[in-house]
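The residues making up each chain are set out below.
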Amino acid sequence: MAEHESLEFGKADFVLLDNVSLEEFMANLKLRFEKGRIYTYIGEVVVSVNPYRAMNIYGRDTIEQYKGRELYERPPHLFAIADAAYKAMKRRNKDTCIVISGESGAGKTEASKYIMQYIAAITNPSQRAEVERVKNMLLKSNCVLEAFGNAKTNRNDNSSRFGKYMDINFDFKGDPIGGHINNYLLEKVGGGVFKCIFQLVKGAPDAQLRSLHIQRDPTAYTYIKVGGQIKVFADFKAVTDAMKVIGFTTEEIQTVYKILATILHLGNLKFGSDGDVTLIENSKLVSVLGDLLSTKDENVEKALLYRTVATGRDVIDKQHTHQEASYGRDALAKAIYERLFCWIVGRINDIIEVKNYDARVHGKNTVIGVLDIYGFEIFQNNSFEQFCINYCNEKLQQLFIQLVLKQEQEEYEREGIPWKHIDYFNNQIIVDLVEQQHKGIFAVLDEACMNVGKVTDEMFLQALNGKLAKHAHYTSRKLSPTDKNLEFDRDFRIRHYAGNVAYSVVGFIDKNKDTLFQDFKRLLYNSSNPVLKAMWPEGKLRITEVTKRPLTAATLFKNSMISLVENLASKEPYYVRCIKPNDVKSPLLFEHERCKHQVEYLGLLENVRVRRAGFANRQLYPRFLQRYKMISEFTWPNHDLPSDKEAVKRLLQGCGFEHDVAYGKTKVFIRTPRTIFSLEEQRAEMVKRIVLFLQKVWRGTLARKRYRRMRAAHIIIRAYRRYKVKSYIREVNRRFKNVRGMKDHGKHVKWPTPPKVLRKFEDALRNIYNRSEWWAWTLIKDLSPEQLVQIRAKVATLECLKGQRADLGLQRAWEGNYLVSKKDSPGTASSFTLVSSDLQRKDKFMRVLFSCNVRKINRFNKAEDRALLITDRHLYKMDPVKQYKPMKSIPLYNVTGVSISPGKDQLVVFHTKDNRDLIVCLQGMVPAGDSRIGELVGTLLRQCSKLIPVGLIPPVALYVAGEKFVSSRGTLSSLESAKLLHKS
C-alpha cells in the first residue's frame, strides 16, 4: 500500500477505497489525473493514465527515491513496479516479467522505455565497462526499434505497429549481461507512416538524399499519407547514432536506408497498358530501383511485369495484368519492409545476446522480461491487422485472468483458506472463438486459403457464418439482418472483452496468404549487396523446385502468441495497465465514458475486489523458512518442531504477525505487504549479524591457516638458510685453506657465490682478506732498508696525489740523487759530487734526498738552467754552468709548502716563510719525459714526517692545481702499500 501522499490527491491504492464500486473507482481515477497523479496501485498492479504532456518525474533524483524501496514506501510510480520486479529476481533468483497492456495511445511504449531506463540506472554500481556497454546497447535498441516499428495513426502519433518482448539477462550479482528481443510485426506499409521513412525524407542530409534519389518532399511519394512530425532531423541522427552504438556497420546502415528509399520509389511506380501488354509508365524509376537494390535494371523490370511459371519441365514467363502488377508491387514493398525489420531485430539479438556464459562458473542467469505490444484497437474500418491485434490482447487478458483472478481464487480453495467467491468475466470463450482448431476463425481462414481455385473474401465470410452461427460472441449481417451497421457479404462482429468490434473481410485472404512472387525473391537474392542477399535465402531455389507450403500469417501469429503467453506464464508477472483518457490527446480532458469502458474491459474493478479479499503474498513453508528462519531463535539454524508449518507459526507469532496471516495446507498466506516488508527488514538486520559472525569465524580460520603455513615456511627457510651459510663457509675455507703457500697468495682463487643473506658478509670478508696485514707483511718482509724507505716514500706520494696526476713514476725505481748519475749529467757528475761533499762538511747534512736539473723561472719571467739539491736539512739552488756553485740555500724548516700542476709540465713551486718562493721546472730527465714529480713529493713528505713530530709543527702542505692536500704520517692501508710494492 502506498504512503506519503496527501488525501487531496485521492487514494494512492484502489484497494483503500471505502466502497468498491465503479463510481468510486472512476471518481478516484479522475481526481488523481486532474491533480497530476497519473499512477495508482491495485496492490502490486500499476494503473497508468496517459498525461499527454511531459512530466518531471523520471529524472535521476526520482530514480534514487525508488531505488531499493518497497512498494508502500513511496507514491505510486512505474519505477516502483520495476524495482519490485528487479528485487524479486535478485532476492529469490526467479525470472520475472512486466506486462504492459492497454489500447493504442494509452502510453505503453513510453512506459516500457521508462522501465528500461530505471533498470539501467540502478544496475552496475561498480561501473564495469562491459555491463555499461550492454546497458547502452539495450537502451539504444529501443530507439532503433521504435523508429522502424512505430507509425503515426489517426489515434496515436507514436503507435506500435509491432509487438516487442525483450528479455534482459542478469548475472548472479544482478547486473545486465545481455538480452533477446522477440518481435511480432504485423502491419506493414500502408496502415500508417513508419517513423523511419518520414525521418529519412525530412531529416537525412542533402548528399545522402541525392545518393538515394529522394526529394525532401513527403507529398511526392504515394506511400506517405501523413506528416507534421517535429525534430525529424534530430530523430534521424539519433537513430543513425544508435545503430552505430549497437554495432551496425556503415555498409549495413547505408543498406537499410537504400531499402527504405526502394519502398518509397516502388510506391511511385505506375503501370499502364498498350493493348494486352502491361507497361511501366515512369520507366526511369526502374534504373533507380536497380541502383538501390544493386541488381540489373532489366531484371527489376522483368520481375515487376512478368511471373515465371513452371509447368512440368517447361518454364514460361507469364505477363502480369495491370492489377497483378500493382498487387505485386505493393506486396514487394510490404515484404521488403518486413524482412528489413526482422533483419534489424536479428542483428540486434546477435550483438546483445549473452555469449560464453557458463552457469557453473558465473552463477545462475536470471531474466526480467518487458512486454510492450500493440493495444486493443477499434477503427472505422477494421481489417485483418486489427483482428490479430485484438486477438493478441484477448490472449494477454486471458493470462491476466488466469494469473491474477482465477488462479488466486482457485489457490485459496485448494489450500483451504476461507474465501468468498468473486464473479469475473472469463474471456476464454473469445480466445477459443479465434484459435480453436477446426472451428476457430483462424482455422476457417486457413482452410479457405488452402482451397483449390479462386477463393474470395465473401466465400470466407460464408464459411464463418456456417460454422459460427450459434456462437454468442459472433454475428454478421446474414445472421442479424436487422443490424444495419454491418454490410452484407463484408462485415462480421465479435463481442470482445473490450467491446464489440466489426471487421471487414476485404483483404483477409490475401493478407493471410501473404504471398510474394518467387521472381521477387530471386531478384533480391541475386543482388550484389551481401546484406540484402542475406535477407532472402529462399531466393536461391530454382523455379522447378517444389517447396513445402509456407505457414499462413494467421497461423504464424497464433503460434507466436501461444508461445509468448507460455513464456510469460513461466515467470512471476508484474502488470502495468495503461488507460487513454481521451481521443484528442488533451492533457486536461478526462472523458468519463471513454475511461469507464477501458476500466471495465481491463477488469480493474474485479482486480480490486480480489485484492481486498485476498492475500498479498503466499509462500511454501520450506521456502518461507529458508528465507526468514534467522529471525527466530526457534528456527535458527534448524528447528526441532514437528513440521515446517509449526515452525512458521512459531516464527510469525514471535514477530507479532499472527493476526495478519493464514495457514494453508502447503503455504503461508500474508494479507498485507507491510508484514512482508517488516519481515524483510528484520531479515536484512539479522543477515548483517550472520555475515559478520561468518566473516569473523572464516577470517579466524584463514588467519590460523596462514599462521601455520607461515610458521612452517619460516622453519624451512631458517633451516635452509643455515644450510646455505654453512655450505658457503665450508667452501670458502676449502678454497682459501692453502693460500699462504701459493705464489700469488691466493689472488687467482675465485670466490664462491654467496647466498643472498650473506652478500654483505661476503663483501666484509673480501675486505678483511684484501686488507690483511699478513699479506702486506708477506710482500715486504724480504725488502732491504733502502727499498723499504723508497716504498714508504711512494706510499706517501700515492696518498697525496692519487687521482691528481696521471703519471707518478711509481712503476720505476727511485734513484733520488740523479745528478750523480752519468745518465743525467754525463760530463759534470764529478763536479757535482765534489760540491755536494763540501756542502755536507759545511752544513752537516746526513744524506742527499733528491737532485735534478731544473729550469728556474724568476719574477721577471726569465728562465735559466739551474740544478736542485735537496738534503735532509737544506734545499740548494745551484748553477750547473759554474761547476754547480751553490746560489741559494733554504733550510727545510723554512719550506711551508709545495705546489705542483696536474699536467705533464713537472712545474714545482717551493713556498717559504719569507714569501720568496722558488719556481722551477724539472728537466734533463733520461729517458726524456720521465716523471719525477711523484718522487720529489714523496721524498719531501717522507722526510718531513720523520723529522717533524706530528702535532707540534703543521705538516707540509701540498698544492695541486690550487687544491690543498695536507700530509701526515702514512695513512694508506697496508694493503695499498702491499699492492704498490707488488707493482714495483
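Residues numbered from 1 in each chain as written. Predicted model: local features only at pLDDT ≥ 70, side-chain atom pairs only at ≥ 80, totals over all residues. Heavy atoms only, no water.

1. Some remarks on the pairing of strand E2 (residues 45–49)
Counting buried positions along E2 yields five of five residues, so the element is predominantly enclosed. Side chains Val-45, Val-47 and Val-49 of E2 all project onto a buried face; the interleaved residues Val-46 and Ser-48 project onto the opposite face, where all are buried too. For strand E1 (residues 39–42) and E2, the ladder comprises four bridges, and the chain directions are antiparallel. Paired with Thr-40 across the strands is Val-47, a residue of E2. Where E1 folds back onto E2 in an antiparallel hairpin, the turn is made up of two residues, including Gly-43, whose phi is positive at roughly 65 degrees. Relative to strand E17 (residues 572–579), E2 is paired through four bridges, and the arrangement is parallel. Among the inter-strand pairings, Val-47 is bridged to a residue of E17, identified as Arg-577. (Buried < 20%, exposed > 50% of the residue type's maximum accessible area, 1.4 Å probe, protein only. Helix = DSSP H or I, 4+ residues; strand = E, 2+ residues; numbered from the N terminus. Pairing = 2+ DSSP bridges.)

2. Some details on the pairing of strand E3 (residues 96–101)
Counting buried residues in E3 gives six out of six residues, a clear majority hidden from the surface. Sheet topology places E3 next to strand E13 (residues 366–372); five bridges connect them, and they run parallel. Along E13, the bridge assignment pairs Cys-97 with Gly-369.

3. A few points about a nonpolar patch on the surface
On the surface, Phe-693, Leu-694 and Val-697 cluster together to form a nonpolar patch covering roughly 280 Å² of accessible area. Structurally, Phe-693 can be placed in helix H26 (residues 673–735). On the accessibility criterion, Phe-693 (48% relative accessible area) is partly exposed. (Patch = residues over 30% accessible without salt bridge, like charges linked within 9 Å, V, L, I, M, F, W, Y side chains within 5 Å. Areas by Shrake-Rupley, 256 points an atom, 1.4 Å probe, with all protein chains shown as cover. Salt bridge = Lys/Arg side-chain N within 4 Å of Asp/Glu carboxyl O.)

4. Quick notes on helix H19 (residues 518–525)
Counted residue by residue, H19 has seven buried out of eight residues, so it is predominantly covered. Residues of H19 that are buried include every one of Asp-519, Phe-520, Lys-521, Arg-522, Leu-523, Leu-524 and Tyr-525, and no others.

5. With respect to the packing of aromatic side chains
Per the stated rule, a full pass over the model turns up 27 aromatic pairs. Taken together, a centroid distance of 4.9 Å and an interplanar angle of 20 degrees make the contact between Phe-79 and Tyr-118 stacked. In this pair, Phe-79 sits in helix H3 (residues 78–92) while Tyr-118 sits in helix H4 (residues 108–122), placing the two residues 39 residues apart along the sequence. In this structure Phe-79 comes out as buried when scored by relative accessible area, which is 0%. For Tyr-118, a relative accessible area of 0% translates into the label buried. Relative to Phe-508, the ring of Phe-492 has its centre 6.1 Å away and its plane inclined at 80 degrees; by these criteria the two rings are edge-to-face. Of the two residues, Phe-492 is situated in strand E15 (residues 491–496) and Phe-508 in helix H18 (residues 508–513); the sequence distance between them amounts to 16 residues. One aromatic cluster in this structure is built from Phe-384, Phe-387, Tyr-391, Phe-442, Phe-460, Tyr-474, Phe-492, Tyr-503, Phe-508 and Phe-557. For the cation-ring pair, Arg-347 lies above Phe-248, with the distance from its terminal atom to the ring centre recorded as 5.9 Å. (Phe/Tyr/Trp six-rings, centres within 6.5 Å; stacked < 30°, edge-to-face > 60°. Lys NZ or Arg CZ within 6 Å of the ring centre and 35° of its normal.)

6. Notes on the nonpolar core
Phe-148 and Leu-679 are the most contacted members of the largest nonpolar core, which has 131 residues in total. Looking at this core element by element, the count peaks at 15 residues for helix H12 (residues 322–352). (Core = buried A, V, L, I, M, F, W, Y, C linked by side-chain atoms within 4.5 Å.)

7. Regarding a negative patch on the surface
On the surface, Asp-291, Asp-297, Glu-298 and Glu-301 cluster together to form a negatively charged patch. Looking at the negative patch element by element, the count peaks at three residues for helix H11 (residues 297–305). Positionally, Asp-297 belongs in helix H11. (Lys, Arg positive; Asp, Glu negative; His and termini not counted. Charge placed at Lys NZ, Arg CZ, Asp CG, Glu CD.)

8. Describing the sheet that holds strand E16 (residues 499–504)
The antiparallel open sheet is built from three strands, whose spatial order is E14-E15-E16. Because the sheet does not close on itself, it has two edges, and the strands there are strand E14 (474–476) and E16. In this sheet, adjacent strand axes meet at a mean angle of 25 degrees when their direction is disregarded. The sheet contact formed by E15 and E16 spans six bridges and is antiparallel. Note that in E16 the partner of Phe-492 across the bridge is Tyr-503. Where helix H17 (residues 457–467) meets the sheet, its contacts fall on E14 and E15, and the angle it forms with E14 comes to roughly 130 degrees. (Axes fitted to C-alpha atoms, helices over the stretch in contact; angles between N-to-C directions. Contact = heavy atoms within 4.5 Å.)

9. A word on the packing of helix H9 (residues 250–267) against helix H10 (residues 284–293)
Interaxial distance between H9 and H10 falls to 9 Å at its minimum, and their mutual angle equals 160 degrees. Accordingly, the angle class assigned to the pair H9 and H10 is roughly antiparallel. As for the relative orientation of H9 and H10, their crossing is left-handed in sense. Mapping the contact onto sequence places Lys-258, Ala-261, Thr-262, His-265 and Leu-266 in H9 and Leu-285, Val-288, Leu-289, Leu-292 and Leu-293 in H10. The residue makeup of the contact of H9 with H10, split by class, is seven nonpolar, two polar and one charged. (Parallel < 35°, antiparallel > 145°, perpendicular 65-115°, else oblique. Left-handed = near helix turned anticlockwise from the far one by under 90°. Nonpolar A, V, L, I, M, F, W, Y, C, P; charged D, E, K, R; others polar.)

10. What to know about the environment of Asn-93
Take Asn-93: it is sitting in the loop between H3 and E3. Here Asn-93 falls in the partly exposed class, since its relative accessible area comes to 39%. C-alpha of Asn-93 to C-alpha of Gly-174: the two residues are 81 residues apart in sequence and 9.6 Å apart in space.

11. Regarding the UniProt feature "binding site: ATP" (unreviewed entry) in the protein
Under the UniProt annotation, the feature "binding site: ATP" (unreviewed entry) is placed at Gly-102, Glu-103, Ser-104, Gly-105, Ala-106, Gly-107, Lys-108 and Thr-109. Tracing the chain through its elements places Glu-103 in the loop between E3 and H4. Inspection of the secondary structure puts Lys-108 in helix H4. Given the relative accessible area of 6%, Lys-108 is considered buried. Beyond its immediate chain neighbours, meaning those up to four positions away, Lys-108 contacts Ile-100, Ser-101, Gly-102, Glu-103, Asp-372, Ile-373, Tyr-374, Gly-375 and Cys-578. (UniProt positions renumbered as here; feature names shortened; annotations may be inferred.)

12. What to know about H3
Spanning 15 residues, H3 covers 21 Å between terminal C-alpha atoms, matching the ideal 21 Å at 1.5 Å per step. Burial analysis of H3 places 12 of its 15 residues in the buried class, the great majority of the element. Three or more residues of H3 are buried, namely Leu-78, Phe-79, Ala-80, Ile-81, Ala-82, Asp-83, Ala-84, Ala-85, Tyr-86, Lys-87, Ala-88 and Met-89. Downstream of H3 by one or two residues, Asn-93 has phi in the positive range, about 55 degrees. (Expected span 1.5 Å × (residues − 1).)

13. Some points on the pattern of salt bridges
This structure, assessed with the given rule, holds 31 salt bridges. Across the pair Arg-216 and Asp-206 runs a salt bridge whose closest N-O atoms are separated by 2.5 Å. Here Arg-216 is found in the loop between helix H7 (206–211) and helix H8 (232–246), whereas its partner Asp-206 is found in helix H7, with 10 residues between them in sequence. Judged by relative accessible area, which is 34%, Arg-216 ranks as partly exposed. One salt bridge in this structure joins Glu-731 and Arg-735, with 2.7 Å as the shortest N-O distance. Of this pair, Glu-731 and Arg-735 are both found in helix H26, four residues apart, which corresponds to roughly one turn of the helix. Residue class for Glu-731 comes out partly exposed when judged on its relative accessible area of 22%. Connected through salt bridges with shared partners, the residues Glu-103, Lys-580, Asp-583 and Arg-594 form a single ionic network.

14. Side note on a positive patch on the surface
A cluster of basic residues, Arg-704, Lys-705, Arg-706, Arg-708 and Arg-709, forms a positive patch at the surface. You can see Lys-705 is positioned in helix H26. Residue Lys-705 is classed as partly exposed on the basis of its relative accessible area, which comes to 38%.

15. Considerations on the environment of Leu-875
Looking at the secondary structure, you find Leu-875 in strand E23 (residues 874–879). With residues near it in sequence (within four places) discarded, Leu-875 still touches Leu-868, Leu-869, Ile-870, Lys-888, Ser-889, Ile-890, Leu-892, Phe-910 and Leu-918.

16. Concerning unusual backbone geometry
Of note in this structure, His-438 is not a glycine but carries a positive phi near 70 degrees. Along the chain, His-438 falls in the loop between helix H15 (428–435) and helix H16 (441–450). Judged by relative accessible area, His-438 falls into the exposed class, the value being 62%. The backbone of Gln-883 shows a phi angle near 60 degrees, a positive value even though the residue is not glycine. Position of Gln-883 among the secondary structure elements: in the loop between E23 and strand E24 (885–891).

17. So, the packing of helix H5 (residues 129–149) against H12
It is at 11 Å that the axes of H5 and H12 come closest, and there the two elements cross at 180 degrees. Classified by the interaxial angle, the pair formed by H5 and H12 is roughly antiparallel. Residues Met-137, Leu-138, Ser-141, Val-144, Leu-145, Phe-148 and Gly-149 of H5 touch H12, and the partners they reach there are Tyr-337, Leu-340, Phe-341, Ile-344, Val-345, Ile-348, Ile-351 and Ile-352. Its residues assigned to classes, the contact of H5 with H12 comprises 13 nonpolar, two polar and no charged.

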